[in-house]
Amino acid sequence: QVQLVESGGGLVQPGGSLRLSCAASGFTFHRYRMSWHRQSPGKERELVATITSTGDTTNYADSVKGRFTISRDNAKNTVYLQMNSLKPEDTAVYFCKADGIINSYWGQGTQVTVSS
């Protein structure tokens, strides 16, 4: 059974940091490109960051570039999103996604709220 389980969300003050984790199981993790997406109420889901299966290439949305870092540990079947200098506009539900040649999988999401 395929599972992507996000964790690490919560309430943080502006300027603070959070580290999200996404633990994968039920598929060959190291063969999948991984990404983080987010969705705020009333808005479409948007891509935040991607990382290749080997971890050698990453890409970021302009809105998070320089503040967020995506990484992965293929030995632990886990992808991370380090979020620094958080802003109120970063408030959203954050989802991880796995993309393979044929299949794609989504996690259930974790809430991140940036507020004073």
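Higher on the page you've got the structure.
Residues numbered from 1 in each chain as written. Predicted model: local features only at pLDDT ≥ 70, side-chain atom pairs only at ≥ 80, totals over all residues. Heavy atoms only, no water.

Draft legend 1. Structural context of the nonpolar core. Residues Leu4, Trp36, Val79, Leu81, Met83 and Tyr94 are the most contacted members of the largest nonpolar core, which totals 29 residues. For this core, the secondary-structure elements that each account for two or more residues are strand 3 (18-25), strand 4 (33-39), strand 5 (46-51), strand 7 (68-73), strand 8 (78-83), strand 9 (92-99) and strand 11 (110-114). With residues up to four places along the chain from it excluded, the contact list for Leu4 reads Cys22, Ala23, Ala24, Phe27, Met34, Cys96, Lys97, Ala98, Tyr105, Trp106, Gly107 and Gln108. (Core = buried A, V, L, I, M, F, W, Y, C linked by side-chain atoms within 4.5 Å. Buried < 20%, exposed > 50% of the residue type's maximum accessible area, 1.4 Å probe, protein only. Helix = DSSP H or I, 4+ residues; strand = E, 2+ residues; numbered from the N terminus. Contact = heavy atoms within 4.5 Å.)

Draft legend 2. Spotlight on the packing of aromatic side chains. Counted by the stated rule, this structure contains five aromatic pairs. Seen from their ring centres, Phe27 and Phe29 are 6.4 Å apart, and the 50° between their planes marks the pair as tilted. According to the relative accessible area criterion, Phe27 is buried, its value standing at 13%. Looking at Arg45, its charged tip hangs above the ring of Phe95, at a distance of 3.7 Å from the centre. In this structure, Arg45 is placed above the aromatic ring of Trp106, and the distance from its NZ or CZ to the ring centre is 4.6 Å. (Phe/Tyr/Trp six-rings, centres within 6.5 Å; stacked < 30°, edge-to-face > 60°. Lys NZ or Arg CZ within 6 Å of the ring centre and 35° of its normal.)

Draft legend 3. Focus on the side chain of Arg72. Residue placement: Arg72 occurs in strand 7. Although Arg72 is buried, it makes no salt bridge; Asp73 carries the closest opposite charge, 8.3 Å away. A polar contact of 3.4 Å, which involves the side chain of Arg72, links it to the backbone oxygen of Ser53. Aside from chain neighbours lying at most four places away, what touches Arg72 is Phe29, His30, Tyr32, Arg33, Met34, Ile51, Thr52, Ser53, Gly55, Thr78, Val79 and Tyr80. (Lys, Arg positive; Asp, Glu negative; His and termini not counted. Salt bridge = Lys/Arg side-chain N within 4 Å of Asp/Glu carboxyl O. Polar contact = N/O pair within 3.5 Å; in protein donor to acceptor, adjacent residues only side chain to side chain.)

Draft legend 4. Representation of the pairing of strand 9. In terms of burial, strand 9 is largely enclosed, as seven of its eight residues are buried. Bridge count between strand 4 and strand 9: seven bridges; the pairing is antiparallel. From the neighbouring strand, Met34 faces strand 9, where its bridge partner is Ala98. Looking at chain direction, strand 9 and strand 11 are connected through three bridges and run antiparallel. Residue pairing in the sheet places Tyr94 in a bridge with Thr110 of strand 11. When strand 9 meets strand 10 (residues 104-106), the two strands line up antiparallel, connected through three bridges. Across the sheet, the residue bridging to Asp99 is Ser104, located in strand 10. As consecutive antiparallel partners, strand 9 and strand 10 are separated by four residues. (Pairing = 2+ DSSP bridges.)

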